[in-house]
Amino acid sequence: MAESYDSQETHGPYENFKVGDFVLESGAKIRDLSLAYATFGTLNAEKSNAILFPSWYSGTTKILEHAYIGSGRSLDPERYFVILVNQIGNGLSSSPSNTPAPFHQARFPQPSIGDDVRAQYRLITERFGIERLALVLGGSMGAQQTWEWAVRFPDAVARAAPIAGTARTTPHNQLLVDTFIEAITSDQAYGDGWFDEGAVHRGLRRHARLFAAAGFTPRLFNQALWRDLGFTTVDDFVTGFVENHFLPQGPNDLLTLLRKWRGGDVGPHGGGDLARALARIKAELSIIAIDEDGFFPLADIEAEQRLVPRSRLVRISSAWGHLALFGLDPAYNRAVDAGLSELLATPAPQEAP
């Protein structure tokens, strides 16, 4: 199942950047690390129009393309060179499901958000010769990577837009992630990470339903807004949309991402002090929050935004909650485009007006 889902036919076209043997922050090593990425538009001669957009939890570059890229939109390939990159462990880049034995499945080393950003830095500098990105953005886990970029490589980021995600995973958010992990691993067929293809479908279905309950808003269910997608009942929607999204994916891939999500934290760049770490940011920063977000609540995002003097908070309301990220709400799409367009039109530090 995972092989067909993660294929070029389903999620391509994409290219692979061969990083080589890559030592993680933990000290473990991923052999022959590969990053799957897709590009849109043309890099200008000055290499000043590059935008980096990493994937989120369970997402791929194809999903990002469908939801955010297009002529006339803020991420217009006629104006910008947009690099969409799949994070480590998502099934397209090096992951438990596609790594050869003996370091496959449950033996795949656990990466961090910082490892993603370090590998992506190799991609933009070695593959494209880009020294400074016009914009780094991402939603959810992509927002975690955006924060990490802005803090770890402050001189390489002109503008940043973390969408619906925090720089440090809160204790409440960690508890939520724990329920997702337990939903998958509690399936008896999981077998400590060694399982037959398709065997862990009960755990993936439990995980999908927890994800739906927390990721969407009560209004979406209570007002049956899912009917616009052609579903007939709540169960029809959750099965046909949410379970259908997760069932083809590798359980160990999802767990690798979940554990990475749980540990997201830029604090170590400030000696454990979040405010000190965020003070490293030099980018023009727009922090985009979804008012009804059940994964990364508005209050948590506001608390971090107040720690960054050169930042603005952009609030968007959507009955789709956190999962508005998938581009299913036209009002969300218009609002996020407006926020990104305003940011891209704002001269960045050390950039002429």
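See the structure above.
The paragraphs below set out a description of the structure included in this document. (Residues numbered from 1 in each chain as written. Predicted model: local features only at pLDDT ≥ 70, side-chain atom pairs only at ≥ 80, totals over all residues. Heavy atoms only, no water.)

Section: the sheet that holds strand E6 (residues 159–163)
Where we set the bar: One requirement defines pairing of two strands: DSSP has to find at least two bridges between them. Here a helix means four or more residues in a row that DSSP labels H or I, a strand means two or more in a row labelled E, and each is numbered from the N terminus. In this analysis, axes come from line fits to C-alpha atoms, helices being fitted only over the stretch in contact, and the angle between any two N-to-C directions falls in the range 0 to 180 degrees. Note on contacts: a residue pair qualifies if any of its non-hydrogen atoms lie within 4.5 Å across the two residues.
The strand order across the open sheet built from eight strands is E1-E2-E4-E3-E5-E6-E7-E8, with neighbouring strands paired in mixed fashion. Each edge of the open sheet is held by one strand with a lone partner, namely strand E1 (15–23) and strand E8 (311–316). Direction aside, the axes of adjacent strands within the sheet are offset by 20° on average. Sitting on the sheet, helix H3 (residues 61–68) touches strand E2 (29–40), strand E3 (50–54) and strand E4 (81–85), and the angle it makes with E4 is about 140°. Along the sheet, helix H4 (residues 113–127) contacts E1, E2, E3 and E4; its crossing angle with E1, the most-contacted strand, is approximately 125°.

Some thoughts on H4
Spelled out, the test is: In this scheme, a helix's expected span is set at 1.5 Å multiplied by one less than its residue total. Relative accessibility thresholds used throughout: buried, under 20% of the residue-type maximum; exposed, over 50%; partly exposed, between the two (1.4 Å probe, protein chains only).
The terminal C-alpha atoms of H4, which comprises 15 residues, lie 21 Å apart, in line with the 21 Å expected from a rise of 1.5 Å per residue. Of the residues making up H4, those classed as buried are Ile-113, Gly-114, Asp-115, Asp-116, Val-117, Ala-119, Gln-120, Leu-123 and Ile-124. In the core, the buried residues of H4 are packed alongside E1, E2, E3, E4, helix H5 (141–152) and helix H10 (251–262). One or two residues past the end of H4 sits Gly-129, with phi positive at roughly 70°.

Describing the side chain of Asn-252
Along the polypeptide, Asn-252 turns up in helix H10. In this structure Asn-252 comes out as buried when scored by relative accessible area, which is 4%. Sequence-distant contacts of Asn-252, that is, excluding residues within four places in its chain, are made with Pro-96, Gln-105, Ala-106, Tyr-190, Gly-193 and Phe-195.

A few points about H10
With 12 residues, H10 extends 16 Å between its outermost C-alpha atoms, agreeing within 8% with the 16 Å of an ideal straight helix rising 1.5 Å per residue. Along H10, the residues classified as buried are Pro-251, Asn-252, Asp-253, Leu-254, Leu-255, Thr-256, Leu-257, Leu-258, Lys-260 and Trp-261. Tucked inside the fold, the buried residues of H10 contact H4, H5, helix H6 (171–185), helix H7 (201–215) and helix H9 (234–246).

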